[in-house]
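Observations on the three-dimensional arrangement
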Amino acid sequence: MNIPYISGIAPPPELPLGRFLPPIPAGMASAWCRQNLNPGDWILEPFGYNPLVVIEMAAAGFPVLVCVNNPIHAFLLKILSSAPQSGDLIAALQDLAVASKGNQRMEPYIRGLYRVNCAACNTQIEADAFLWKKDAHQPFAAIVDCPTCGARGEQTLTEFALENLTPLPPKELHLARALNRIAARDDALRTQVKNILNAYPARPLIILQTIINKLESLEQAPEQRDLLIALILSAADYGNTLWAYPSPRHRPRQITVPTVYRERNLWKVMEEAVTAWQVLKTPIPLAEWQGDPKSPKGIYMFQGRIRELTPPPGEGLFSAVLAVIPRPNQAFWSLSALWTGWIWGQDAVAPIRQVLSRQRYDWNWHCTALMGVFDAIYSMKHPSLKFAGLIPENEPLLLLAALLAAEAKGFRLHSFAQSIDDQLAQCQWTALTHPPQKPQPEQALAVARESVTNYLQKKGEPATYQQVHAAALTDMANTNHLAIDTFIQNTNQVASETHRWLETIFHDPNFLTHVTEGVASIEAGEWWLRHPHTVAMSLIDFLEEHIYNHLVSSPDTTAERVKSIVHQALPGIFTPENELVLNCLASYADLVDPETHHWMLKEGDQPAARHKDRELTLQSLKVIAQRLGYQVSGSDPIYWRDHHHTLPRYCLHVLTTAIVSPCVWGDFEPAETNILVIPGSRANLLAYKQQRDPILRDKLAKDFLVVKFRLARDLEVNPLLSRELFKELVRADPPEYHASQLALL
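Residues numbered from 1 in each chain as written. Predicted model: local features only at pLDDT ≥ 70, side-chain atom pairs only at ≥ 80, totals over all residues. Heavy atoms only, no water.

**Some thoughts on the packing of helix α3 (residues 71-81) against helix α12 (residues 330-344)**
Relative orientation of the contacting elements α3 and α12 amounts to 70°, with a least axis distance of 8 Å. The angle between the axes of α3 and α12 places the two elements in the roughly perpendicular class. For the pair α3 and α12, the contacting residues are Pro71, Ile72, His73 and Phe75 in the first and Phe332, Trp333, Ser336, Trp339, Thr340 and Trp344 in the second. (Axes fitted to C-alpha atoms, helices over the stretch in contact; angles between N-to-C directions. Helix = DSSP H or I, 4+ residues; strand = E, 2+ residues; numbered from the N terminus. Parallel < 35°, antiparallel > 145°, perpendicular 65-115°, else oblique. Contact = heavy atoms within 4.5 Å.)

Pasting the structure below:
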């Protein structure tokens, strides 16, 4: 079931409204398509939450039908796929800039609302942003870049500065307009809309309503108008209070005002947005879905839910479903309703009106919503249909909701991979032709325990709550033991009850132990088996072995190639983090070209050189043993004995790697002192392993010493060497970890 993780070629691209969109690495979706489909095969994307995934698949030569229920998602896809050019966006903004506002133009009017006195030179300048404290009636600071004196950054607003801010017009008229564009006076949802509008401070609300009001009177071609709307949407996103300061990558999910937030200069936001909307160089064809086209090309969009899809697609049209499975986000959907109403009016809000009444999106609601989508997909099934899901912002309850919904609607998880670095899970399901036998809770929990045991034993080291949870979930979904009938029948609590039931394995002290000290929450720290079997090889030792073998066969390599090989060797739930890969790689290779992420095997780690180094160290140890009066026996490990002493004085494991699992957990003859003898170039890697694995750290601290090759050479020629001095010096230089400043990719 565990399959190699498919990496992207770059981090998730920066997009307009990007903080609300599921982050998918560039190139990931098209790579899946190329691995699993033939050019020209149809793909269904049932959610439409990430426009670039749809665009990427279509650009790779796969016609895509995407169902989009949110008008903002639909507009994003429409504009981005058209590949707007800088000149057109600037021209659209210029139309607004020169529009009249009273006795002046719109641009100077809006810019004037951000005028402040520079704290350094007292010149009146235009602020880039204001900083607010929650529930305050005025900002406490401005972010400036003074063209007169060069002062930059945050400046406290004095009482004098606050008094000299440009007065705002009355807010009430603009607030009423913002409200009426979404809900009529007798609308039952009017109160909820008022509450959501509290996310907008007075200045941004006034500016946005002024701009949108002017939009209706501007004489523009439809294409030009859409581009201006795109820039306005960027301003609407930056104009609310959901920008915690100084957090640069805040991804809000609820409409809650941060303790400190930033209010951006909205004219400057629109100027900057000209670049943000230029994502593509070449347009991708986009058409409304009107049934199976004769010559499919590009993207076909149905504005509605998948279960409402009309006209229905031809039987067997789709070769694959590739779904970007979202997490619930009350903030985005509520703001989408505001923006939709402001720009297109009350009728346009109708498809998503229900979001205004639902201010809490819990995991039970989300699981039930996903069931509706999976049910519609199941109705389209045919023997060759491939169904894959990308789950970004992955966390235990999101993964649970997705896998539970899929199983409840007739699917079996047949392959899985996840990345801790990308916070993303990759799933593939098979539609069952007959309902599986309904699992009993006790039977299903036994499957979960066996899955966790197998996972931890194979990993050979402690794992986080999320990793253990995923191991249990995926095996249960693979064997259809996740959807427990008792819990499924209670749709209001289906995810919560399943989650509580599964978590009982973490509360069983005879099964798992929390190895991280001082941690109260079960989701923090790491977990290990209470009664583990002997560890043959830990995950990071296995990783080190594969990376070194690759470097020996290909001394000149790239980080991408290394990651690909690692993902093949350690697939699915065993996909290692980039930090593990980097530490193993940097121990044996040098980064010779940071631009291309090119690595070269170190000269001293060529097999012949390393073998020679080990042989010299073995010879040094033999000489030392003779000088100290010990008898030497064995070769791997080596024992030093006294004639009159039954227990060996020392057991020495001489290694060229930091692969210590076989030595630490192996069944060897006991000795008074166990020593790992390693090259100095392996010391940092071994120290890293100790740092990340508390079980290994405790075992080494209790039962082992670590000695570097160089010390063995030095001791060999030390004229003062004695048993006492040897005992002292082998304890003098334990490995210490120094984090690399390099990045894997």
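**Examining the sheet that holds strand β23 (residues 631-633)**
Taken in spatial order, the 5 strands make up an open sheet running β23-β24-β25-β26-β27, and their pairing is mixed. Two strands in the sheet have a free side with no partner beyond their single neighbour: β23 and β27 (704-708). Strand-to-strand, the axes of this sheet are offset by a mean angle of 25°, without reference to chain direction. (Pairing = 2+ DSSP bridges.)

**Points about the side chain of asparagine 117**
By the secondary structure assignment, asparagine 117 is in strand β5 (residues 115-117). Relative accessible area serves as the criterion here: at 15%, asparagine 117 is assigned to the buried category. Only 3.2 Å separates the side chain of asparagine 117 from the backbone oxygen of asparagine 122, close enough to count as a polar contact. Setting aside anything within four residues of it in sequence, one finds asparagine 117 in contact with Asn122, Thr123, Gln124, Gln155, Phe160 and Asn164. (Buried < 20%, exposed > 50% of the residue type's maximum accessible area, 1.4 Å probe, protein only. Polar contact = N/O pair within 3.5 Å; in protein donor to acceptor, adjacent residues only side chain to side chain.)

**Topic: the pairing of strand β19 (residues 526-529)**
In β19, alternate side chains face the same way, and those of Glu526 and Trp528 on one face and Trp527 and Leu529 on the other are all buried. The sheet contact formed by strand β17 (residues 463-464) and β19 spans 2 bridges and is antiparallel. Across the sheet, threonine 464 pairs through a bridge with glutamate 526, a residue of β19. As defined by bridge partners, strand β18 (residues 512-514) adjoins β19 across 3 bridges and the pair is classed as antiparallel. Looking across to β19, one finds that histidine 514 is bridged to tryptophan 527.

**Focus: empty space enclosed by the protein**
A water-sized probe rolled over the atoms picks out the places where empty space is left. Evaluation of the coordinates by the stated rule reveals 5 cavities of 30 Å³ or more. The computed volume of the largest cavity comes to approximately 130 Å³. Along the lines of polarity and charge, the residues of the lining of the largest cavity split into 9 nonpolar, 1 polar and 5 charged. Taken as a whole, the second largest cavity holds about 70 Å³ of empty space. Forming the walls of the second largest cavity are Ile3, Pro4, Ile6, Met28, Trp32, Ala388, Gly389, Leu390, Gln426, Cys427 and Gln428. For the lining of the second largest cavity, the residue count by class is 8 nonpolar, 3 polar and no charged. (1 Å grid on protein atoms, 1.4 Å probe; cavity = no way out; pocket = protein on both sides within 12 Å on 5 of 7 lines; lining within 4 Å. Points joined across faces, edges and corners; volume = space filled by probe spheres on them. Nonpolar A, V, L, I, M, F, W, Y, C, P; charged D, E, K, R; others polar.)

**Digging into the sheet that holds strand β2 (residues 64-68)**
Taken in spatial order, the 8 strands of this open sheet run β11-β12-β2-β1-β13-β14-β16-β15, and their pairing is mixed. Whereas interior strands pair on both sides, the edge strands pair on one side only; in this sheet they are β11 (286-288) and β15 (411-419). Each neighbouring strand pair of the sheet contributes to a mean axis angle of 20°, computed without reference to strand direction. Sheet analysis places β2 next to strand β12 (residues 299-303), joined by 5 bridges and oriented parallel. In the strand pairing of β12, valine 66 is matched with methionine 301.

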